[in-house]
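Residues per chain are reported as follows:
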Amino acid sequence: MSKEADQVLELYNKQVLSVKLINKVKDHITNEMKEYKQYMESDYQDSFQDALYEGRNEYAESLLKQINEWEKS
């Protein structure tokens, strides 16, 4: 392979890794939001846990929104 072809292949591989990483982050965010929903549907009541889950969910939602905006630009 030529040097140029090696460089193109390297850039392609980096792009694929970036997409895979972003998809893993999105999956993790989605799981955080599902856990929050499950917690809210449960009968468990604890003000500290409520605040903790709510904060994690708010952060997950805002991070997902930011990632989606970055992907559009």
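Below you will find a few notes about this structure. (Residues numbered from 1 in each chain as written. Predicted model: local features only at pLDDT ≥ 70, side-chain atom pairs only at ≥ 80, totals over all residues. Heavy atoms only, no water.)

**Regarding the overall build of the protein**
Right, on to step 1. Scanning the protein from terminus to terminus reveals two helices and zero strands.
Right, on to step 2. In terms of C-alpha radius of gyration, the protein reaches 19 Å, well past the compact-globule figure of 11 Å for 73 residues.
Right, on to step 3. Each of the three principal axes of the protein carries a C-alpha extent, and together these read 65 × 20 × 15 Å.
Right, on to step 4. Counting all 73 residues of the protein, 14% fall into the buried class.
Right, on to step 5. Working note: accessible area of the protein is about 6,300 Å², and carbon and sulfur atoms make up 54% of it.
Right, on to step 6. If the 10 positive side-chain charges of the protein are averaged to one point and the 15 negative ones to another, these points end up 9 Å apart. (Helix = DSSP H or I, 4+ residues; strand = E, 2+ residues; numbered from the N terminus. Rg over C-alpha atoms; globule rule 2.2 N^0.38 Å. Buried < 20%, exposed > 50% of the residue type's maximum accessible area, 1.4 Å probe, protein only. Areas by Shrake-Rupley, 256 points an atom, 1.4 Å probe, with all protein chains shown as cover. Lys, Arg positive; Asp, Glu negative; His and termini not counted. Charge placed at Lys NZ, Arg CZ, Asp CG, Glu CD.)

**Considering the packing of aromatic side chains**
Right, on to step 1. Scanning the entire structure with this criterion turns up two aromatic pairs.
Right, on to step 2. Ring geometry for tyrosine 39 versus tyrosine 53: centroids 4.3 Å apart, planes at 5 degrees, classification stacked. With a gap of 14 residues between them, tyrosine 39 in helix 1 (residues 3–41) and tyrosine 53 in helix 2 (residues 47–72) connect regions that are remote in the sequence. For the residue pair tyrosine 39 and tyrosine 53, the accessibility class agrees, reading buried in each case.
Right, on to step 3. Ring pairs connect the aromatic residues Tyr39, Tyr44 and Tyr53, which therefore count as one cluster.
Right, on to step 4. Stacked on the ring of tyrosine 53, the Lys or Arg arginine 56 has its end atom at 5.4 Å from the ring centre. (Phe/Tyr/Trp six-rings, centres within 6.5 Å; stacked < 30°, edge-to-face > 60°. Lys NZ or Arg CZ within 6 Å of the ring centre and 35° of its normal.)

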